[in-house]
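As a plain string of letters, each chain reads:
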Amino acid sequence: PPMTVARFNIPEVLDWKNGKLIFEYTTLEDAFAKLQSRYDCRIILENKQLAKRKVTGSFNANEPLDHVLATLQYVHGFSYTKTGSRIYVIDGNH
């Protein structure tokens, strides 16, 4: 089978090393996956309609997760609830 070449967004790949957390036309689903791995937490996306929305922006790598989520919440109009020490549930409306 032909080889598939994945295109990497270099700023996004190197962002952590450079002290940044960068999203460039990243789906919220992928952004949440990245946040889960960076912050060692669990983010549950209850509203699947939000999954494909795109997000662009950058944060300092040491930005608290609550600040990142609050910013994304403001822009995309979802709500989130912290249900455990490291578990966040994302819902559709706020």
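Residues numbered from 1 in each chain as written. Predicted model: local features only at pLDDT ≥ 70, side-chain atom pairs only at ≥ 80, totals over all residues. Heavy atoms only, no water.

(A) Structural context of the overall build of the protein. Along its length, the protein carries three helices and five strands. In the protein, the succession of α and β elements from N to C terminus is α-β-α-β-β-α-β-β. In the protein, the share of contacts with a sequence separation of at least 24, taken over all contacts with a separation of at least 6, comes to 50%. Taken as a whole, the protein presents about 6,300 Å² of accessible surface, with 52% of it coming from carbon and sulfur. (Helix = DSSP H or I, 4+ residues; strand = E, 2+ residues; numbered from the N terminus. Contact = heavy atoms within 4.5 Å. Areas by Shrake-Rupley, 256 points an atom, 1.4 Å probe, with all protein chains shown as cover.)

(B) Spotlight on the packing of helix α2 (residues 28-39) against helix α3 (residues 65-76). In the contact formed by α2 and α3, the axes pass within 12 Å of each other and the chain directions differ by 170°. In terms of their interaxial angle, α2 and α3 are classed as roughly antiparallel. Residue-level contacts link Leu28, Phe32, Leu35 and Tyr39 of α2 to Leu65, Val68, Leu69, Leu72 and His76 of α3. Here the contact of α2 with α3 is composed, by residue class, of eight nonpolar, one polar and no charged. (Axes fitted to C-alpha atoms, helices over the stretch in contact; angles between N-to-C directions. Parallel < 35°, antiparallel > 145°, perpendicular 65-115°, else oblique. Nonpolar A, V, L, I, M, F, W, Y, C, P; charged D, E, K, R; others polar.)

(C) Local environment of the packing of aromatic side chains. Summed over the entire model, instances satisfying the criterion amount to three aromatic pairs. Here Tyr80 and Tyr88 contribute two aromatic rings whose centre-to-centre distance is 6.0 Å and whose plane-to-plane angle is 50°, an arrangement assigned as tilted. Accessibility expressed as a relative area gives 4% for Tyr88, which makes it buried. (Phe/Tyr/Trp six-rings, centres within 6.5 Å; stacked < 30°, edge-to-face > 60°. Buried < 20%, exposed > 50% of the residue type's maximum accessible area, 1.4 Å probe, protein only.)

(D) Highlighting the sheet that holds strand β4 (residues 79-82). With mixed pairing, the three strands of this open sheet are ordered in space as β2-β5-β4. Only two strands of the sheet have a single partner each, and these edge strands are β2 (42-45) and β4. Geometrically, the sheet is characterised by an average inter-axis angle of 20° between neighbouring strands, direction not taken into account. Of the pairings in the sheet, the one linking β2 to strand β5 (residues 87-91) comprises four bridges and is parallel in character. Bridge pairing links Leu45 to Ile90 in β5. In the packing of α2 onto the sheet, contacts are made with β2 and β5, and the angle to β2 comes to roughly 160°. Sheet strands touched by α3: β4 and β5. Its angle to β4, the strand with the most contacts, is close to 155°. (Pairing = 2+ DSSP bridges.)

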